[in-house]
Every structure is written in C-alpha cells, then in structure tokens.
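For reference, the chains in residue letters:
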Amino acid sequence: MADAFSQLLEWRRTEASARTLAKIGPEFYGGTARYLADLRRSYEADLRENPSGRKGEISRQTYQRAGQVARDILEARGQKILSAVFQASVGGSRDLPNALPEEQALYDQLLETLLRFRRASAPYLEPSGVAPPAPVPTSTPAPVAAPPAPRHESPAAAASASSAPPATAYVRVLRSTRPLELGSETVDLREDDILSLPAEAAKILIAGKVAEALTVPPIPRPR
C-alpha cells in the first residue's frame, strides 16, 4: 500500500467530516490489516537487531499511531452503521451509501437480527392500527356483573342496539393510557371504564392487555 499511513490519515479526516459513511477505498479492511502486520514485523525485527536503536523505536511509534488512526476510522463507521440499522428497523430507509462489502454484510445481519427480536419480543410495535402500551400487572379488578351503558353512546344508539345484535364488543379498561383514534372517534381510556367498541378494536385492546372482555346482557328497550 503506497504511503499507507498518509492514506489512513486522509480517510480519518474524511470520515470525521461526514454524517453518514464517507467514501473510502475498498481496500481499507484488508489493506490496513496487511499494512499494520508488515509494520509490526518490521519494528520487531529492528528491535531484535538493535534494542536501543532509533530505527526500531520510530517503526514502533509509527505502528502504534497507524493502529490508532485505523481504530478511529473503524469505530466512527461502526457507530454510523449501528445508527442506520436502528433507523431502518423503525421504518427508515434501508439504503447504506458508501458501505464497503464487509460493512454491508454486517448491516444486513444486524438489521435482520433486530427486526426478528422486535417481532418476537415486541409484536405491539408492528403496524396494526392500535399500538398498546407495555403489559399491565397480572392482578386485575373483579368483573362487573352488569356494566352501565358506555359513555360515548347516545340513547338513540343504545335503543338501536337493543333491536339488532351490534357488531360491537364490551370491554373493561385495565389501565389508563393515551386516547386512541377509532374510525372518526377519539376514545379516552381510563382505568375501570366500560366501553362498547367495534369488535376488531376490542380484540386489539384485549390482545395488548389494555382491556378485558365483558359479557353484557342486552339493554332493555325503553318504554
């Protein structure tokens, strides 16, 4: 590698000035490893020949400086790759411009590992219309025998529900959380509230342990 030390210094300056991966030579990994191995053999041979000689000491210092410059480049690019992996895992672009083949392979492997972890350990982070909060404690309030009519339904809607089975489900809220958008409505979720929701929305809340299902008898028709 011609003037390898100067090339390493230039790559470090370029990498430090770029927010994303800088464009460096494709020989960085293999060429740098060979260059440092040659430097090490050279200074060790010089020191064996003349332990107090200046030539061996200069070679040793060059090896140490070159190794530190290479480490700076590697760590800077590694941090950028990790940041790109995280951004891609939450829906960002999966492109990795200027990545060397070794770095692209690392990026692909890390991204697949992170996505697999999220799917297995945090399925509620996947797009599903409603994102429940963290699981609630296992102890829950005792079921209500006859819950009142839901707060968000009008009397006319309740009367209509008594005449035909609605495509809704009753749930008890187990934990207060942020308001959720359900169709054209925004529903507040407060602990111990009894809600009548579309069946699909109720299933999502139950699956996320935000609410529990309730069996509600038909509401008597007003006289």
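Conventions used here
Residues numbered from 1 in each chain as written. Predicted model: local features only at pLDDT ≥ 70, side-chain atom pairs only at ≥ 80, totals over all residues. Heavy atoms only, no water. Helix = DSSP H or I, 4+ residues; strand = E, 2+ residues; numbered from the N terminus. Buried < 20%, exposed > 50% of the residue type's maximum accessible area, 1.4 Å probe, protein only. Expected span 1.5 Å × (residues − 1). Arc of directions from axis to C-beta. Contact = heavy atoms within 4.5 Å. Pairing = 2+ DSSP bridges. Axes fitted to C-alpha atoms, helices over the stretch in contact; angles between N-to-C directions. Phe/Tyr/Trp six-rings, centres within 6.5 Å; stacked < 30°, edge-to-face > 60°. Polar contact = N/O pair within 3.5 Å; in protein donor to acceptor, adjacent residues only side chain to side chain. Salt bridge = Lys/Arg side-chain N within 4 Å of Asp/Glu carboxyl O.

Asks: Can you explain unusual backbone geometry? Please cite residues and give values.
Replies: In this model, Asn98 sits at a positive phi of 65°, which is unusual for a non-glycine residue. Along the chain, Asn98 falls in the loop between helix H3 (54-89) and helix H4 (101-121). For Asn98, a relative accessible area of 37% translates into the label partly exposed.

Asks: Can you break down H4 residue by residue, with the values?
Replies: Helix length check: H4 (21 residues) gives 30 Å between terminal C-alpha atoms against 30 Å at 1.5 Å per residue, within 8%. Looking only at H4, the buried set comprises Glu103, Tyr107, Leu111, Leu115 and Arg118. For H4, the angular spread of the buried residues around the axis is 95°, confining them to a single face. Pointing more than 90 degrees away from the buried face of H4 are the exposed residues Pro101, Gln109, Phe117 and Ala120. Contacts from the buried residues of H4 go to helix H2 (28-49) and H3.

Asks: Which residues make up the sheet that holds strand S5 (residues 211-214), and what values go with them?
Replies: With respect to topology, three strands assemble into an open sheet ordered S4-S1-S5, the strand pairing being antiparallel. Edge positions in the sheet fall to strand S4 (194-198) and S5, since each has one partner strand and no second. Across the sheet, the mean angle separating the axes of adjacent strands is 45° when strand polarity is ignored. Where strand S1 (residues 168-173) and S5 come together, four bridges link them in antiparallel fashion. Note on S5: the bridge partner recorded for Arg172 is Glu212.

Asks: Any details on the packing of aromatic side chains? Residues and values, ideally.
Replies: Any pair of aromatic rings gets described here by the distance separating the centres and the angle formed by the planes. Per the counting criterion, the structure on display carries three aromatic pairs. Between the aromatic rings of Trp11 and Phe28, the centroid separation amounts to 5.8 Å while the plane-to-plane angle is 80°, which identifies the pairing as edge-to-face. In this pair, Trp11 sits in helix H1 (residues 4-16) while Phe28 sits in helix H2, placing the two residues 17 residues apart along the sequence. Owing to a relative accessible area of 5%, Trp11 belongs among the buried residues under this scheme. Arranged with centres 5.4 Å apart and planes meeting at 45°, the rings of Tyr43 and Tyr63 form a pair that is tilted. Of this pair, Tyr43 sits in helix H2 while Tyr63 is found in helix H3, placing the two residues 20 residues apart along the sequence. Tyr43 gets classed as buried once you look at its relative accessible area, which sits at 12%. A residue is classified by how much of its surface remains accessible, and Tyr63, at 21% relative accessible area, is partly exposed.

Asks: Give a detailed account of the side chain of Lys80, specifying residues and quantitative values.
Replies: Assignment of secondary structure puts Lys80 in helix H3. For Lys80, a relative accessible area of 15% corresponds to the buried category. A distance of 3.0 Å separates a polar side-chain atom of Lys80 from the backbone oxygen of Thr20. If we ignore the near neighbours within four places in the chain, the residues touching Lys80 are Glu15, Ala18, Arg19, Thr20 and Leu21.

Asks: I'd love a proper account of the pattern of salt bridges, names of residues and values included.
Replies: Under the counting rule described, the total for this entry stands at ten salt bridges. One salt bridge connects Arg77 with Glu103, and the closest N-O pair in it is separated by 2.6 Å. Of the two residues, Arg77 is situated in helix H3 and Glu103 in helix H4; the sequence distance between them amounts to 26 residues. No difference in accessibility class separates Arg77 from Glu103, as the two residues are buried.

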